[in-house]
Amino acid sequence: MKKYISRENIIFLLLSSITLLFLFRYTVLSKSLKWGTWSYGENLISYPDKFIRRGLLGEIVLFISNENPAFKTLNFIVFINCLLLLFLIFLIFRKYEIHLRQLNVYLLSSFGLLYLIYHGNSYNRKEIFAINFFLIFILLLKNNRNEINLGLKIYLLTSLTFLALIHEGTLLIVLPFYYLILKKIDIRFSYIYSIFGLFLIGFLITQQGNLQDVEKMWNELSDFDRQQINSDFESSAIYALNYSFEKQLIGQSGLNKLNDGTLNHWLSYLFYFGIYFFVNHLGCNLKKLFEFLNSIKAFPVELVFCSLLFILGGGDWGRYFVFFIYMYYFYIIYVCDLENFKINYSAKSKHLILFIIYSFFTIMPMASFQDINLLNKINNTFQQIIDLIS
């Protein structure tokens with residue numbers, strides 16, 4: 001007897017294949033850098049014969065590269081990180097009994113991995129490590145019937161330390177979400193975890209490099225790696241470790257978004273996510289929306305802590321919003337499951353089509369709206385397809 005393959009399965013396989021095709025094309029199969037030069041330099045921050053903040057990942061990458069250019073190693077790490085993210089999201093949707101149709105809508109959303117990779121936004125950043133760690137955590141909780149054992153505590157503290165050592169700023173987003181989950185399971189450990197995270201943030205921001213440190217890091221890179229950063233030392237993320245605290249807090253803070261008048265542009269992504277959740281999980285049903293708001297504490301006050309990253313973390317608000325949305329999204333999925341509130345109501349096809357069109361024309365840039373030109377991007381894509389065929 002032949003097994004019936006549903007339309008949603010076919011769509012999922014198609015979207016997943018396209019996502020993986022772009023991921024292959026922009027990472028392991030690429031001979032030139034397809035993602036940001038700033039991120040490339042940030043991933044190569046290492047320890048210049050002393051301990052400084054954010055140096056762990058670069059140290060690992062350079063060790064694996066073994067005095068060869070880090071390009072292939074970095075692209076492979078980005079590839080594996082995104083592949084793991086796609087797989088974990090699939091497991092989350094399946095484990096938490098959310099329909100495949102809803103997963104397909106996620107893939108076609110503006111913050112879905114497909115569009116992030118296609119537009120070269122955020123998929124190459126260190127925050128993907130943090131998202132993966134969080135998804136693994138809530139999967140383990142699901143398997144452990146929402147109980148925490150010694151092994152899970154070790155996992156939490158180890159992953160927290162790793163995140164802090166590759167980028168202490170990630171902790172400004174992750175700490176509130178872990179605290180909200182842990183306090184309902186083990187209040188004492190939630191305090192230990194949070195205090196340890198705050199200690200790591202406070203300690204690491206004091207481990208700033210100086211001009212000699214960043215010059216040493218830069219000079220130890222291969223010529224090929226420096227070319228990927230456009231050979232522009234003073235505009236690289238490596239050089240940024242030499243910034244004074246005054247320059248970071250005044251010249252490089254997220255408060256510039258208030259000065260350039262784009263605050264509403266960025267906040268609109270939270271509105272977009274609200275529409276996504278309403279369409280894809282509440283079926284465009286106002287009654288279900290009110291039931292959700294009455295049953296679930298949708299925005300705990302602890303999440304205000306995340307705003308520190310937007311204020312102090314610099315101008316990359318796009319990547320921060322993507323990071324926050326992922327953490328918040330899967331936190332809400334976890335909480336709804338815990339409270340036995342069903343969120344597997346997808347909207348009718350006509351509503352989904354409108355939302356998918358809306359998503360196609362809604363791009364989440366990492367730092368600036370100035371570089372967006374959707375028509376040029378589409379033309380370049382078709383040109384690359386023609387070149388491959390010919």
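Our structure's up above, just so we're on the same page.
Below you will find a few notes about this structure.

What counts, and where the lines are drawn
Residues numbered from 1 in each chain as written. Predicted model: local features only at pLDDT ≥ 70, side-chain atom pairs only at ≥ 80, totals over all residues. Heavy atoms only, no water. Phe/Tyr/Trp six-rings, centres within 6.5 Å; stacked < 30°, edge-to-face > 60°. Helix = DSSP H or I, 4+ residues; strand = E, 2+ residues; numbered from the N terminus. Buried < 20%, exposed > 50% of the residue type's maximum accessible area, 1.4 Å probe, protein only. Axes fitted to C-alpha atoms, helices over the stretch in contact; angles between N-to-C directions. Parallel < 35°, antiparallel > 145°, perpendicular 65-115°, else oblique. Left-handed = near helix turned anticlockwise from the far one by under 90°. Contact = heavy atoms within 4.5 Å. Nonpolar A, V, L, I, M, F, W, Y, C, P; charged D, E, K, R; others polar. Salt bridge = Lys/Arg side-chain N within 4 Å of Asp/Glu carboxyl O. Patch = residues over 30% accessible without salt bridge, like charges linked within 9 Å, V, L, I, M, F, W, Y side chains within 5 Å. Areas by Shrake-Rupley, 256 points an atom, 1.4 Å probe, with all protein chains shown as cover. Expected span 1.5 Å × (residues − 1). Arc of directions from axis to C-beta.

### Digging into the packing of aromatic side chains
According to the stated counting rule, one finds 55 aromatic pairs in the structure shown. With a centroid separation of 6.0 Å and 25 degrees between ring planes, the pair formed by Phe51 and Phe203 is classed as stacked. Here Phe51 is found in the loop between helix H2 (37-42) and helix H3 (56-65), whereas its partner Phe203 is found in helix H10 (residues 187-204), with 152 residues between them in sequence. Exposure remark for Phe203: the relative accessible area of 36% places this residue in the partly exposed category.

### Focus: the packing of helix H16 (residues 263-280) against helix H20 (residues 349-360)
In contact at an axis separation of 11 Å, H16 and H20 are set at 155 degrees when each is read in the N-to-C sense. Judged by the angle between their axes, H16 and H20 are roughly antiparallel. The two elements H16 and H20 cross, and the hand of that crossing is left-handed. Along its contact with H16, which presents Tyr272, Ile275, Tyr276 and Val279, the element H20 presents Leu352, Phe355, Tyr358 and Ser359. Here the contact of H16 with H20 is built from residues that sort into 7 nonpolar, 1 polar and no charged.

### So, the environment of Ser222
Checked against the element boundaries, Ser222 lands in the loop between helix H11 (211-220) and helix H12 (223-228). Between the alpha carbons of Ser222 and Ala70 there is a distance of 8.0 Å; along the sequence they are 152 residues apart.

### Describing the side chain of Ser39
With respect to the helices and strands, Ser39 occurs in helix H2. A relative accessible area of 1% means that Ser39 is categorised as buried. With residues near it in sequence (within four places) discarded, Ser39 still touches Asn124 and Arg125.

### Describing unusual backbone geometry
One can expect most non-glycine residues to show negative phi and most peptide bonds to be in trans. Of note in the backbone geometry, Arg54 takes a positive phi value of approximately 70 degrees without being a glycine. Within the secondary structure, Arg54 is located in the loop between H2 and H3. Positive phi, close to 60 degrees, is recorded for Asn340, a residue that is not glycine. On the accessibility criterion, Asn340 (60% relative accessible area) is exposed.

### Describing the environment of Ser109
Mapped onto the elements, Ser109 comes out in the loop between helix H5 (100-107) and helix H6 (113-118). Overall, the relative accessible area of 0% leaves Ser109 in the buried class. Distance from Ser109 to Leu175, taken between C-alpha atoms, is 26 Å for residues 66 residues apart in sequence. In contact with Ser109, other than residues within four places in its own chain, are Tyr115, Tyr272, Tyr276 and Ser359.

### Concerning the pattern of salt bridges
As enumerated under the stated definition, the model contains 15 salt bridges in all. Residues Arg125 and Asp316 are paired through a salt bridge, measuring 3.9 Å at the closest nitrogen-oxygen approach. With Arg125 in the loop between H6 and helix H7 (127-143) and Asp316 in the loop between helix H18 (307-312) and helix H19 (317-338), this pair connects stretches of sequence that are 191 residues apart. According to the relative accessible area criterion, Arg125 is buried, its value standing at 4%. Here Glu127 ties to Arg319 by a salt bridge, and the two come within 2.7 Å at their closest N and O atoms. Note that Glu127 is positioned in helix H7 and Arg319 in helix H19, a separation of 192 residues in sequence. Taken as a pair, Glu127 and Arg319 share a single burial class, namely buried.

### Comments concerning a nonpolar patch on the surface
There is a patch of nonpolar side chains on the surface, built from Leu255, Leu258, Leu263, Leu267, Leu270, Leu308, Ile311 and Leu312 and spanning about 620 Å² of accessible area. Elements that contribute at least two residues to the nonpolar patch include exactly H16 and H18. Here Leu267 is to be found in helix H16. Judged by relative accessible area, which is 38%, Leu267 ranks as partly exposed.

### Considerations on helix H1 (residues 7-26)
With 20 residues, H1 should cover 28 Å at 1.5 Å per step; its first-to-last C-alpha distance of 29 Å lies within 8% of that length. Of all the positions in H1, only Glu8, Phe12, Leu15, Ser16, Thr19, Phe22, Leu23 and Tyr26 are classed as buried. Buried residues along H1 cover an arc of 125 degrees about the axis, so they all sit on one side. Residues of H1 that are exposed and point over 90 degrees away from its buried face: Arg7, Leu13, Leu14 and Leu21.

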